[in-house]
Amino acid sequence: METEETKSGNEIKVWNSVLGAALKIPGARVRREEFLRSALGKHVSDEVIRDAIATTPAKAGVSASVVKRAADASIKWHRAGVSAASLAAGLPGGWWIAGTIPADLAQYFWHVVVVSQKLAFLHGWPELMNDEDEIDDETKMVLTLFIGVSMGAEGAATGLNQLGKAVAREVVKRLPRKPLTKFAIYNIAKTVARWLGVSLTKKKFAEYLGKAIPVVGGAVGGGLTWYLFGTGANRLHSHLEGLDLAKA
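Quick caveat: nothing in here was measured; it's all calculated off a predicted structure.

**Considerations on the nonpolar core**
Logical step 1: Among the nonpolar cores identified, the biggest contains 73 residues, and Leu40, Phe109 and Trp125 are the most heavily contacted of them.
Logical step 2: Among the elements that take part in this core, helix H6 (residues 103-122) stands out by supplying 13 residues, more than any other.
Logical step 3: In this structure, Trp125 is in contact with Arg32, Ala120, Phe146, Leu160, Leu163, Gly164, Val167, Leu175, Leu240, Leu243 and Leu245, ignoring residues within four places of it in sequence.

**Digging into the side chain of Gln117**
Logical step 1: Its place among the elements puts Gln117 in helix H6.
Logical step 2: When neighbours within four sequence positions are excluded, Gln117 is seen to be in contact with Ala28, Arg29, Val30, Leu128, Met129 and Leu143.

**Structural notes on the pattern of salt bridges**
Between side chains of opposite charge, pairing is possible as soon as their charged atoms come close.
Logical step 1: Inspection of every chain in the model, using the stated rule, returns four salt bridges.
Logical step 2: The partner of Arg194 in a salt bridge is Glu11, with the nearest N and O atoms 2.4 Å apart. One end of the pair, Arg194, is in helix H9 (residues 185-199); the other, Glu11, is in helix H1 (residues 4-23), and 183 residues separate them in sequence.
Logical step 3: We classify Arg194 as partly exposed; its relative accessible area is 23%.
Logical step 4: For the salt bridge of Lys247 with Asp244, the shortest nitrogen-to-oxygen distance reads 3.9 Å.

**Points about the confidence of the model for the chain**
Logical step 1: Per-residue confidence for the chain averages 82 on the pLDDT scale, and 75% of its residues sit at or above 70.
Logical step 2: Note that residues 214-220 has pLDDT below 50 and, in this model, eight contacts with residues that lie over four places away or in other chains.

**Notes on the packing of H6 against helix H7 (residues 137-151)**
Logical step 1: Contact pair H6 / H7: the axes reach a minimum separation of 10 Å and the direction vectors enclose 100°. By the angle between their directions, the pair H6 and H7 is classed as roughly perpendicular. Counting all contacts with H6, which are made through Phe109, Val112, Val113, Ser116, Gln117 and Ala120, the residues of H7 involved are Leu143, Phe146, Ile147, Ser150 and Met151.
Logical step 2: Among the residues forming the contact of H6 with H7, the class breakdown is eight nonpolar, three polar and no charged.

**Here we look at the packing of aromatic side chains**
Here a ring pair, both rings aromatic, is described through the centre-centre distance and the interplanar angle of the planes.
Logical step 1: The final tally for this structure, using the stated rule, is five aromatic pairs.
Logical step 2: An angle of 80° between the planes, with centres 5.2 Å apart, marks the rings of Tyr108 and Phe109 as edge-to-face. Comparing Tyr108 with Phe109 shows no difference in burial state: the two are buried.
Logical step 3: When the ring of Tyr108 is compared with that of Phe229, the centres are 6.1 Å apart and the planes differ by 90°; the resulting orientation is edge-to-face. Of the two residues, Tyr108 sits in helix H6 while Phe229 sits in helix H11 (residues 222-240), which places them 121 residues apart along the sequence.
Logical step 4: According to the relative accessible area criterion, Tyr108 is buried, its value standing at 6%.
Logical step 5: A connected cluster of aromatic rings, assembled from ring pairs, spans Trp15, Tyr108, Phe109 and Phe229.
Logical step 6: For Lys118, the ring lying beneath its charged end belongs to Trp77, and the centroid distance is 5.5 Å.

Calculation rules
- Residues numbered from 1 in each chain as written.
- Predicted model: local features only at pLDDT ≥ 70, side-chain atom pairs only at ≥ 80, totals over all residues.
- Heavy atoms only, no water.
- Core = buried A, V, L, I, M, F, W, Y, C linked by side-chain atoms within 4.5 Å.
- Buried < 20%, exposed > 50% of the residue type's maximum accessible area, 1.4 Å probe, protein only.
- Helix = DSSP H or I, 4+ residues; strand = E, 2+ residues; numbered from the N terminus.
- Contact = heavy atoms within 4.5 Å.
- Salt bridge = Lys/Arg side-chain N within 4 Å of Asp/Glu carboxyl O.
- pLDDT = per-residue confidence, 0-100.
- Axes fitted to C-alpha atoms, helices over the stretch in contact; angles between N-to-C directions.
- Parallel < 35°, antiparallel > 145°, perpendicular 65-115°, else oblique.
- Nonpolar A, V, L, I, M, F, W, Y, C, P; charged D, E, K, R; others polar.
- Phe/Tyr/Trp six-rings, centres within 6.5 Å; stacked < 30°, edge-to-face > 60°.
- Lys NZ or Arg CZ within 6 Å of the ring centre and 35° of its normal.

Below, the structure is given as structure tokens:
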């Protein structure tokens, strides 16, 4: 008989498998400096961009309206791209048991991972990933919190708030790993990972999509994917702009 601990571990494993597949797609790691130069280049001077890279966009004097325009542009770009890899409520049964991640599911979360990093950088966060070829478990936990917020996972907002407060106290270019072991952030990330894992099983993910748009017929195509992705990205944007890191 499957114990609750075993069940929880399997659900977390499902999410880690999906996230791992997304992270293996080229371009999953966003370089903060390169992105900020590109995103802010049309709106502010080179001097302001240099200050934004050295500190944060808000501390460099980049207005909230400019940050929003840059965020909207990133969301729009990824929204268009992700719609091409449309999701279906009827994902192949038992894929999480076989360990074979459907390509469209990995592609969807690749876009979620990338846009999460871009929104984070615009709102004052440092690099989220290290320079190593292998992305460590701590980095995956951080990304899980961001993605959890975008998908409305219970507890994700609390975890990201606590992590944001810890990061705001330090002037760093890369996300410090120590805060992950404080304020129960580690346990919160595990809970969010389990929630995501449950949501990605065939039945639960179909239910999740159904809550996004009440009327879901047969296969869910690009239109729903477009809606779902945009809703999540805007939810994350709204949350990040309210944190201390996004303020001067």
